[in-house]
Amino acid sequence: MKNGRYSDAQIMAILKQAEGGVPVSELCREHGMSSASFYKWRAKFGGKTAYIEPGSPWENGYCESFNARLRDELLNGEVFYSLREAQILIEEWRKHYNTKRPHSALGYRPPAPETIVPMESRPIMH
């Protein structure tokens, strides 16, 4: 793609579409440019995309951090012999991750600790 093909205003309009959620691949196809050109424009003019391209996990660090934890703490240490076994073990891990496991971003507290409400030993009669 030649540098003089689009004006700065046109480039900014295309980048704005990407920020609005239009996939980069769709914008490139629509405007007849390569994705490399788009990313060069984005680096030069600034902005970000609302859509995460397949194969671009670095665009969402939170998701990648969780995926790494799931892989390291559960998947690498288990062999699942059935779908049901995988569902049960993953659900147990999810509950542990969300209610018991300390998270450094929360001051080493769990995100949603379980709350136990004690019940009266005898029912209340009205």
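Residues numbered from 1 in each chain as written. Predicted model: local features only at pLDDT ≥ 70, side-chain atom pairs only at ≥ 80, totals over all residues. Heavy atoms only, no water.

Colleague: I'm lost on the environment of Ser34 in this one. Help?
Modeller: Mapped onto the secondary structure, Ser34 falls in the loop between helix 2 (24-31) and helix 3 (35-45). A C-alpha to C-alpha distance of 9.5 Å links Ser34 and Val24, two positions 10 residues apart in sequence. Reaching out from Ser34, the side chain makes a polar contact with the side chain of Ser37 at a distance of 3.0 Å. (Helix = DSSP H or I, 4+ residues; strand = E, 2+ residues; numbered from the N terminus. Polar contact = N/O pair within 3.5 Å; in protein donor to acceptor, adjacent residues only side chain to side chain.)

Colleague: Can you help me understand the packing of aromatic side chains in this one?
Modeller: In this description, an aromatic ring pair is defined by two values, namely the gap between the centres and the angle between the planes. Throughout the structure, instances matching the rule amount to five aromatic pairs. Ring centres 5.4 Å apart and planes at 80 degrees place the aromatic pair Phe66 and Tyr97 in the edge-to-face group. Here Phe66, found in helix 4 (residues 61-73), pairs with Tyr97, found in helix 5 (residues 83-99); they are 31 residues apart in sequence, far enough to count as distant. A relative accessible area of 33% means that Phe66 is categorised as partly exposed. Overall, Tyr97 belongs to the buried group, its relative accessible area being 13%. Of the aromatic side chains, those joined through ring pairs into one cluster are Phe66, Trp93 and Tyr97. (Phe/Tyr/Trp six-rings, centres within 6.5 Å; stacked < 30°, edge-to-face > 60°. Buried < 20%, exposed > 50% of the residue type's maximum accessible area, 1.4 Å probe, protein only.)

Colleague: Which parts of the structure should I look at to understand the nonpolar core?
Modeller: Most often, soluble globular proteins keep nonpolar side chains buried together rather than apart. Counting 11 residues, the largest nonpolar core consists of Tyr6, Ile11, Ile14, Leu15, Ala18, Val24, Leu27, Cys28, Met33, Phe38 and Trp41. By residue number, the principal contributor to this core is helix 1 (residues 8-19), which donates four residues. Residues contacting Ile11, with those up to four places away along its chain left out, are Tyr6, Trp41 and Phe45. (Core = buried A, V, L, I, M, F, W, Y, C linked by side-chain atoms within 4.5 Å. Contact = heavy atoms within 4.5 Å.)

Colleague: I'm lost on the pattern of salt bridges in this one. Help?
Modeller: A side chain with one charge can pair with a side chain of the opposite charge if their charged atoms come near. For the structure shown, the criterion picks out two salt bridges. Here Arg94 ties to Glu91 by a salt bridge, and the two come within 2.5 Å at their closest N and O atoms. With Arg94 and Glu91 both in helix 5 and three residues apart, this pair spans about one turn of that helix. Given the relative accessible area of 39%, Arg94 is considered partly exposed. Under the relative-accessibility criterion, Glu91 is labelled partly exposed at 32%. (Salt bridge = Lys/Arg side-chain N within 4 Å of Asp/Glu carboxyl O.)

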